[in-house]
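Observations on the model geometry
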Amino acid sequence: MPKNLQCGRFSFALEGRESTHPIVMGILNVTPDSFSDGGRYQGLEFALSHAEEMIRDGALMIDIGGESTRPGSPSVPLAEELRRVMPALYALKTLDVALSVDTCKPEVMREALIAGADMINDINGFRAPGAIEAVLDSDCGLCVMHMQATPQTMQQAPSYADVVDEVIGFLRGRVEAMTAAGIARERICLDPGFGFGKTVEHNYALLRHLKRIRDELALPVLAGMSRKSMIGAVTGRPVEQRVAGSIGAALAAVAHGARIVRVHDVTETTDALKVWHAATND
Ligand code: YH5
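Since the model is a prediction, treat every value here as computed from it, not as a measurement.

Inspection of the region around the ligand gives 17 residues, with Thr-69, Asn-121, Asp-191, Lys-228 and Arg-262 positioned closest. A distance of 3.0 Å separates an oxygen atom of the ligand from a polar atom in the side chain of Arg-262. Protein contacts shield 89% of the accessible area of the ligand, which totals 520 Å² for the unbound molecule. Grouping the constituent residues of the shell around the ligand by class yields six nonpolar, five polar and six charged.

It is worth spelling out unusual backbone geometry at this point. The backbone of Phe-126 sits at a positive phi, close to 55°, despite the residue not being glycine. In this fold, Phe-126 is placed in the loop between strand E6 (119-122) and helix H4 (131-136). Here the phi dihedral of Ala-218 falls at roughly 50°; this positive angle occurs in a residue that is not glycine. Positionally, Ala-218 belongs in the loop between helix H7 (210-217) and strand E9 (222-223). By relative accessible area, which is 23% here, Ala-218 ends up partly exposed.

Before going further, it helps to examine the sheet that holds strand E3 (residues 23-29). Taken together, eight strands build an open sheet; the order of strands is E8-E7-E6-E5-E4-E3-E10-E9 and the sheet is parallel. Taken across any chain shown, the strands that pair with only one partner, and hence form the sheet edges, are strand E8 (188-191) and E9. As defined by bridge partners, E9 adjoins strand E10 (residues 260-263) across two bridges and the pair is classed as parallel. Looking at E10, one finds that Ala-223 is bridged to Val-261. Those strands touched by helix H1 (residues 40-56) are E3 and strand E4 (61-65), and its axis lies near 165° from that of E3.

When you line up the elements, Pro-151 lands in the loop between strand E7 (141-145) and helix H5 (163-180). Excluding residues within four positions of it along the chain, Pro-151 makes contact with Arg-70, Pro-71, Gly-72 and Ile-123.

Structurally, Arg-110 is set in helix H3 (residues 106-114). Here Arg-110 falls in the partly exposed class, since its relative accessible area comes to 45%. Each C-alpha atom, one on Arg-110 and one on Gln-156, is 32 Å from the other, the two residues being 46 residues apart in sequence. In contact with Arg-110, not counting residues within four places along its chain, are Glu-133 and Ala-134.

Right, let's get into the packing of H1 against helix H2 (residues 78-92). Taken N-terminus to C-terminus, the directions of H1 and H2 make an angle of 50°; their axes are 10 Å apart at the nearest point. One finds that H1 runs oblique with respect to H2. The element H1 and its partner H2 pack so that their crossing is right-handed. Across the interface between the two elements, Arg-40, Leu-44, Ala-47, Leu-48 and Ala-51 from H1 touch Glu-80, Arg-83, Arg-84, Pro-87, Ala-88, Ala-91 and Leu-92 from H2.

With that out of the way, let us pick up the environment of Ile-120. On the secondary structure map, Ile-120 appears in strand E6. Judged by relative accessible area, Ile-120 falls into the buried class, the value being 0%. Those residues in contact with Ile-120, other than ones at most four positions away along the chain, are Val-101, Thr-103, Met-109, Ala-112, Leu-113, Phe-126, Val-135, Cys-140, Gly-141, Leu-142 and Cys-143.

Among all positions of H3, only Pro-106, Val-108, Met-109, Ala-112 and Leu-113 are buried. Take H3 and look down its axis: the buried residues cluster within an arc of 160°, on one side only. On its buried face, H3 is in contact with H2, strand E5 (98-102), E6 and H4.

What follows is about the pairing of E6. Across the two faces of E6 the burial is the same, with Met-119 and Asn-121 and Ile-120 and Asp-122 all buried. With three bridges joining them, E5 and E6 adopt parallel strand pairing. Looking at E6, one finds that Ser-100 is bridged to Met-119. In the classification by handedness, the crossover that spans E5, the intervening H3 and the parallel E6 is right-handed.

About the criteria used
- Residues numbered from 1 in each chain as written.
- Predicted model: local features only at pLDDT ≥ 70, side-chain atom pairs only at ≥ 80, totals over all residues.
- Heavy atoms only, no water.
- Near = heavy atom within 4 Å.
- Polar contact = N/O pair within 3.5 Å; in protein donor to acceptor, adjacent residues only side chain to side chain.
- Areas by Shrake-Rupley, 256 points an atom, 1.4 Å probe, with all protein chains shown as cover.
- Nonpolar A, V, L, I, M, F, W, Y, C, P; charged D, E, K, R; others polar.
- Helix = DSSP H or I, 4+ residues; strand = E, 2+ residues; numbered from the N terminus.
- Buried < 20%, exposed > 50% of the residue type's maximum accessible area, 1.4 Å probe, protein only.
- Pairing = 2+ DSSP bridges.
- Contact = heavy atoms within 4.5 Å.
- Axes fitted to C-alpha atoms, helices over the stretch in contact; angles between N-to-C directions.
- Parallel < 35°, antiparallel > 145°, perpendicular 65-115°, else oblique.
- Left-handed = near helix turned anticlockwise from the far one by under 90°.
- Arc of directions from axis to C-beta.
- Right-handed = clockwise from strand over helix to strand, strands pointing away.

Structural data, given as C-alpha coordinates:
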(Lines give C-alpha, C1' and ligand atoms only; values in the text may rest on other atoms or scores of the structure.)
Protein backbone atom coordinates (compact mmCIF):
# COMPACT_ATOMS: atom_id res chain seq x y z
CA MET A 1 0.00 0.00 0.00
CA PRO A 2 1.38 3.48 -0.81
CA LYS A 3 1.92 5.76 2.24
CA ASN A 4 -0.48 8.42 0.92
CA LEU A 5 -3.23 8.97 -1.60
CA GLN A 6 -2.06 11.89 -3.74
CA CYS A 7 -4.95 14.17 -4.72
CA GLY A 8 -3.68 17.32 -6.39
CA ARG A 9 -3.20 19.97 -3.65
CA PHE A 10 -3.96 17.33 -0.99
CA SER A 11 -2.38 14.15 0.29
CA PHE A 12 -4.34 11.71 2.46
CA ALA A 13 -2.53 9.39 4.85
CA LEU A 14 -2.91 5.65 4.27
CA GLU A 15 -0.81 4.59 7.26
CA GLY A 16 -0.30 5.84 10.80
CA ARG A 17 -2.76 7.42 13.19
CA GLU A 18 -4.30 9.87 10.74
CA SER A 19 -5.31 7.01 8.45
CA THR A 20 -7.72 5.61 11.06
CA HIS A 21 -10.01 8.61 10.47
CA PRO A 22 -12.26 7.78 7.53
CA ILE A 23 -12.49 10.36 4.76
CA VAL A 24 -15.96 11.64 3.94
CA MET A 25 -16.58 12.67 0.33
CA GLY A 26 -19.72 14.80 0.02
CA ILE A 27 -21.81 14.47 -3.14
CA LEU A 28 -22.62 17.68 -4.99
CA ASN A 29 -24.95 17.14 -7.91
CA VAL A 30 -24.99 19.88 -10.52
CA THR A 31 -27.65 18.35 -12.74
CA PRO A 32 -30.62 20.65 -13.57
CA ASP A 33 -33.03 18.54 -11.45
CA SER A 34 -30.78 19.13 -8.42
CA PHE A 35 -31.15 22.94 -8.30
CA SER A 36 -34.83 23.33 -7.77
CA ASP A 37 -34.76 26.22 -10.12
CA GLY A 38 -34.37 29.87 -10.30
CA GLY A 39 -31.85 29.38 -13.08
CA ARG A 40 -28.13 28.96 -13.43
CA TYR A 41 -26.93 31.66 -11.03
CA GLN A 42 -29.17 30.42 -8.23
CA GLY A 43 -27.93 26.92 -9.00
CA LEU A 44 -24.36 28.09 -8.43
CA GLU A 45 -25.28 29.91 -5.23
CA PHE A 46 -26.93 26.73 -3.97
CA ALA A 47 -23.94 24.59 -4.96
CA LEU A 48 -21.56 26.93 -3.11
CA SER A 49 -23.61 27.08 0.10
CA HIS A 50 -24.19 23.33 0.04
CA ALA A 51 -20.43 22.76 -0.39
CA GLU A 52 -19.63 25.14 2.49
CA GLU A 53 -22.10 23.31 4.70
CA MET A 54 -20.57 19.92 3.85
CA ILE A 55 -17.08 21.22 4.68
CA ARG A 56 -18.31 22.61 8.03
CA ASP A 57 -19.78 19.20 8.75
CA GLY A 58 -16.56 17.34 8.05
CA ALA A 59 -16.26 16.56 4.34
CA LEU A 60 -12.60 16.47 3.19
CA MET A 61 -13.59 15.88 -0.43
CA ILE A 62 -16.46 17.11 -2.58
CA ASP A 63 -17.51 15.14 -5.65
CA ILE A 64 -19.00 17.37 -8.35
CA GLY A 65 -21.20 15.45 -10.78
CA GLY A 66 -22.89 16.84 -13.88
CA GLU A 67 -23.97 13.53 -15.36
CA SER A 68 -26.93 11.81 -13.74
CA THR A 69 -25.84 8.18 -13.55
CA ARG A 70 -28.95 6.53 -12.22
CA PRO A 71 -29.76 3.26 -13.97
CA GLY A 72 -31.32 3.88 -17.39
CA SER A 73 -30.59 7.59 -17.49
CA PRO A 74 -29.39 8.93 -20.85
CA SER A 75 -25.80 10.16 -21.27
CA VAL A 76 -25.20 13.92 -21.20
CA PRO A 77 -23.60 15.65 -24.23
CA LEU A 78 -20.08 17.03 -23.68
CA ALA A 79 -21.01 20.72 -23.99
CA GLU A 80 -23.84 20.35 -21.50
CA GLU A 81 -21.68 18.49 -18.98
CA LEU A 82 -19.01 21.22 -19.23
CA ARG A 83 -21.68 23.91 -18.73
CA ARG A 84 -22.81 22.18 -15.54
CA VAL A 85 -19.46 21.23 -14.01
CA MET A 86 -17.03 24.03 -14.84
CA PRO A 87 -18.84 26.98 -13.19
CA ALA A 88 -19.28 24.92 -10.02
CA LEU A 89 -15.62 23.92 -10.03
CA TYR A 90 -14.53 27.59 -10.33
CA ALA A 91 -17.03 28.67 -7.65
CA LEU A 92 -15.65 26.10 -5.19
CA LYS A 93 -11.97 26.57 -6.02
CA THR A 94 -11.07 28.70 -2.99
CA LEU A 95 -12.66 26.32 -0.46
CA ASP A 96 -10.32 24.22 1.67
CA VAL A 97 -11.45 20.84 0.36
CA ALA A 98 -10.32 18.37 -2.28
CA LEU A 99 -12.44 18.88 -5.39
CA SER A 100 -13.35 15.71 -7.28
CA VAL A 101 -15.08 15.67 -10.65
CA ASP A 102 -17.35 12.72 -11.48
CA THR A 103 -16.94 12.21 -15.23
CA CYS A 104 -16.17 9.60 -17.90
CA LYS A 105 -15.24 12.08 -20.61
CA PRO A 106 -11.56 12.83 -21.34
CA GLU A 107 -12.44 16.37 -22.50
CA VAL A 108 -14.15 17.11 -19.17
CA MET A 109 -11.18 15.61 -17.31
CA ARG A 110 -8.75 17.90 -19.16
CA GLU A 111 -10.82 21.04 -18.56
CA ALA A 112 -11.38 20.13 -14.90
CA LEU A 113 -7.65 19.64 -14.33
CA ILE A 114 -6.86 23.00 -15.94
CA ALA A 115 -9.38 24.55 -13.52
CA GLY A 116 -7.64 22.89 -10.57
CA ALA A 117 -9.60 19.70 -9.84
CA ASP A 118 -7.82 17.54 -7.24
CA MET A 119 -9.40 14.23 -8.23
CA ILE A 120 -11.08 12.63 -11.21
CA ASN A 121 -13.75 10.08 -10.32
CA ASP A 122 -14.56 7.91 -13.34
CA ILE A 123 -17.42 5.42 -12.99
CA ASN A 124 -16.17 3.95 -16.28
CA GLY A 125 -12.70 3.20 -14.86
CA PHE A 126 -10.76 5.36 -17.36
CA ARG A 127 -11.73 3.04 -20.23
CA ALA A 128 -12.74 5.76 -22.73
CA PRO A 129 -10.14 6.33 -25.46
CA GLY A 130 -7.93 9.17 -24.24
CA ALA A 131 -9.04 9.01 -20.59
CA ILE A 132 -5.69 7.81 -19.21
CA GLU A 133 -3.80 10.32 -21.37
CA ALA A 134 -6.07 13.12 -20.09
CA VAL A 135 -4.97 12.58 -16.48
CA LEU A 136 -1.38 11.44 -17.09
CA ASP A 137 0.46 14.76 -16.75
CA SER A 138 -1.08 15.79 -13.46
CA ASP A 139 -0.94 14.75 -9.81
CA CYS A 140 -4.68 14.48 -9.27
CA GLY A 141 -6.19 11.53 -7.45
CA LEU A 142 -7.98 8.93 -9.57
CA CYS A 143 -10.97 6.90 -8.47
CA VAL A 144 -11.21 3.77 -10.62
CA MET A 145 -14.66 2.18 -10.47
CA HIS A 146 -16.02 -1.14 -11.67
CA MET A 147 -19.19 -1.20 -13.75
CA GLN A 148 -20.71 -4.11 -15.67
CA ALA A 149 -22.29 -3.00 -19.00
CA THR A 150 -23.40 0.65 -19.38
CA PRO A 151 -25.58 2.95 -17.23
CA GLN A 152 -28.38 2.37 -19.77
CA THR A 153 -28.26 -1.44 -19.56
CA MET A 154 -26.39 -2.36 -16.37
CA GLN A 155 -29.40 -3.28 -14.21
CA GLN A 156 -31.11 -5.46 -16.84
CA ALA A 157 -29.38 -8.74 -15.99
CA PRO A 158 -26.29 -8.40 -13.78
CA SER A 159 -24.41 -11.70 -13.87
CA TYR A 160 -21.16 -12.99 -12.36
CA ALA A 161 -19.57 -16.37 -11.65
CA ASP A 162 -17.95 -14.77 -8.56
CA VAL A 163 -18.63 -11.05 -8.21
CA VAL A 164 -15.71 -10.34 -5.86
CA ASP A 165 -13.18 -12.17 -8.06
CA GLU A 166 -14.48 -10.49 -11.20
CA VAL A 167 -14.42 -6.99 -9.71
CA ILE A 168 -10.87 -7.55 -8.42
CA GLY A 169 -9.81 -8.88 -11.83
CA PHE A 170 -11.30 -5.88 -13.60
CA LEU A 171 -9.73 -3.37 -11.20
CA ARG A 172 -6.35 -5.13 -11.48
CA GLY A 173 -6.51 -4.77 -15.26
CA ARG A 174 -7.30 -1.07 -15.03
CA VAL A 175 -4.54 -0.40 -12.48
CA GLU A 176 -2.07 -2.24 -14.75
CA ALA A 177 -3.15 -0.20 -17.80
CA MET A 178 -2.81 3.03 -15.84
CA THR A 179 0.55 2.29 -14.21
CA ALA A 180 1.92 0.95 -17.53
CA ALA A 181 1.04 4.34 -19.04
CA GLY A 182 3.09 6.01 -16.30
CA ILE A 183 0.52 6.85 -13.62
CA ALA A 184 1.86 6.58 -10.06
CA ARG A 185 0.09 4.06 -7.81
CA GLU A 186 -0.02 6.81 -5.12
CA ARG A 187 -2.75 8.54 -7.16
CA ILE A 188 -5.17 5.59 -7.42
CA CYS A 189 -8.09 4.48 -5.28
CA LEU A 190 -10.47 1.61 -6.06
CA ASP A 191 -14.25 1.41 -6.04
CA PRO A 192 -16.34 -1.76 -6.54
CA GLY A 193 -19.15 0.35 -8.01
CA PHE A 194 -22.16 -0.41 -5.83
CA GLY A 195 -25.30 -0.51 -7.96
CA PHE A 196 -23.45 -0.43 -11.27
CA GLY A 197 -24.46 -3.72 -12.87
CA LYS A 198 -25.06 -5.56 -9.60
CA THR A 199 -27.98 -7.24 -7.84
CA VAL A 200 -28.62 -6.57 -4.14
CA GLU A 201 -26.79 -9.84 -3.34
CA HIS A 202 -23.78 -8.82 -5.47
CA ASN A 203 -23.64 -5.45 -3.67
CA TYR A 204 -23.62 -6.99 -0.18
CA ALA A 205 -21.06 -9.63 -1.20
CA LEU A 206 -18.78 -6.79 -2.33
CA LEU A 207 -19.39 -4.83 0.87
CA ARG A 208 -18.44 -7.85 3.00
CA HIS A 209 -15.24 -8.35 0.99
CA LEU A 210 -13.88 -4.79 0.66
CA LYS A 211 -10.73 -5.82 2.57
CA ARG A 212 -9.94 -8.43 -0.07
CA ILE A 213 -10.22 -5.81 -2.82
CA ARG A 214 -7.96 -3.47 -0.83
CA ASP A 215 -5.38 -6.10 0.15
CA GLU A 216 -5.13 -7.96 -3.17
CA LEU A 217 -4.39 -4.75 -5.06
CA ALA A 218 -2.72 -2.90 -2.14
CA LEU A 219 -4.67 0.30 -2.85
CA PRO A 220 -7.23 2.28 -0.82
CA VAL A 221 -10.95 1.68 -1.36
CA LEU A 222 -13.77 4.21 -1.81
CA ALA A 223 -17.34 3.04 -1.16
CA GLY A 224 -20.43 4.78 -2.54
CA MET A 225 -23.70 3.31 -1.29
CA SER A 226 -25.50 6.44 -0.09
CA ARG A 227 -29.28 6.25 -0.72
CA LYS A 228 -28.88 3.52 -3.34
CA SER A 229 -31.34 0.71 -3.97
CA MET A 230 -29.28 -1.76 -1.93
CA ILE A 231 -30.29 0.36 1.10
CA GLY A 232 -33.93 0.42 -0.02
CA ALA A 233 -33.92 -3.35 -0.54
CA VAL A 234 -33.02 -4.02 3.10
CA THR A 235 -35.01 -1.21 4.78
CA GLY A 236 -38.04 -1.13 2.48
CA ARG A 237 -37.65 2.68 2.31
CA PRO A 238 -37.99 5.00 -0.69
CA VAL A 239 -34.94 7.07 -1.70
CA GLU A 240 -35.87 10.12 0.46
CA GLN A 241 -35.94 7.95 3.63
CA ARG A 242 -32.62 6.15 3.31
CA VAL A 243 -30.38 8.36 5.51
CA ALA A 244 -30.17 6.00 8.51
CA GLY A 245 -29.72 2.94 6.31
CA SER A 246 -26.98 4.73 4.39
CA ILE A 247 -25.16 5.57 7.62
CA GLY A 248 -25.27 1.89 8.53
CA ALA A 249 -23.71 1.10 5.16
CA ALA A 250 -20.98 3.75 5.60
CA LEU A 251 -20.01 2.35 9.02
CA ALA A 252 -19.99 -1.18 7.61
CA ALA A 253 -17.80 -0.05 4.70
CA VAL A 254 -15.24 1.51 7.06
CA ALA A 255 -15.32 -1.56 9.33
CA HIS A 256 -14.65 -3.67 6.21
CA GLY A 257 -11.67 -1.55 5.23
CA ALA A 258 -12.89 1.41 3.13
CA ARG A 259 -10.75 4.56 3.44
CA ILE A 260 -13.26 6.93 1.77
CA VAL A 261 -17.06 6.99 1.87
CA ARG A 262 -19.03 8.93 -0.77
CA VAL A 263 -22.23 10.23 0.83
CA HIS A 264 -25.12 12.69 0.47
CA ASP A 265 -25.69 13.19 4.21
CA VAL A 266 -22.36 14.50 5.47
CA THR A 267 -23.53 15.81 8.88
CA GLU A 268 -25.13 12.55 9.96
CA THR A 269 -22.43 10.30 8.49
CA THR A 270 -19.58 12.28 10.08
CA ASP A 271 -21.21 12.12 13.53
CA ALA A 272 -21.74 8.38 13.22
CA LEU A 273 -18.16 7.85 12.05
CA LYS A 274 -16.77 9.95 14.95
CA VAL A 275 -18.57 7.79 17.48
CA TRP A 276 -17.59 4.60 15.66
CA HIS A 277 -13.96 5.80 15.60
CA ALA A 278 -13.96 6.55 19.34
CA ALA A 279 -15.40 3.11 19.99
CA THR A 280 -12.89 1.20 17.86
CA ASN A 281 -9.55 3.07 18.19
CA ASP A 282 -7.30 3.53 21.25
C1 YH5 B 1 -20.09 5.39 -6.76
O2 YH5 B 1 -20.64 4.45 -6.17
N3 YH5 B 1 -22.14 6.56 -7.76
S4 YH5 B 1 -23.63 8.35 -9.22
C5 YH5 B 1 -28.92 6.18 -7.35
C6 YH5 B 1 -29.39 6.52 -6.07
C7 YH5 B 1 -28.57 7.20 -5.21
C8 YH5 B 1 -27.30 7.56 -5.60
C9 YH5 B 1 -31.50 5.46 -6.32
N10 YH5 B 1 -20.99 8.14 -8.83
C11 YH5 B 1 -20.81 6.37 -7.52
O12 YH5 B 1 -24.75 8.24 -6.46
N13 YH5 B 1 -18.76 7.46 -8.12
C14 YH5 B 1 -22.20 7.64 -8.57
O15 YH5 B 1 -30.63 6.24 -5.60
C16 YH5 B 1 -20.10 7.36 -8.16
N17 YH5 B 1 -18.74 5.53 -6.75
C18 YH5 B 1 -18.10 6.53 -7.41
N19 YH5 B 1 -16.76 6.57 -7.33
C20 YH5 B 1 -24.98 7.33 -8.62
C21 YH5 B 1 -25.46 7.66 -7.25
C22 YH5 B 1 -26.83 7.24 -6.87
C23 YH5 B 1 -27.66 6.57 -7.75
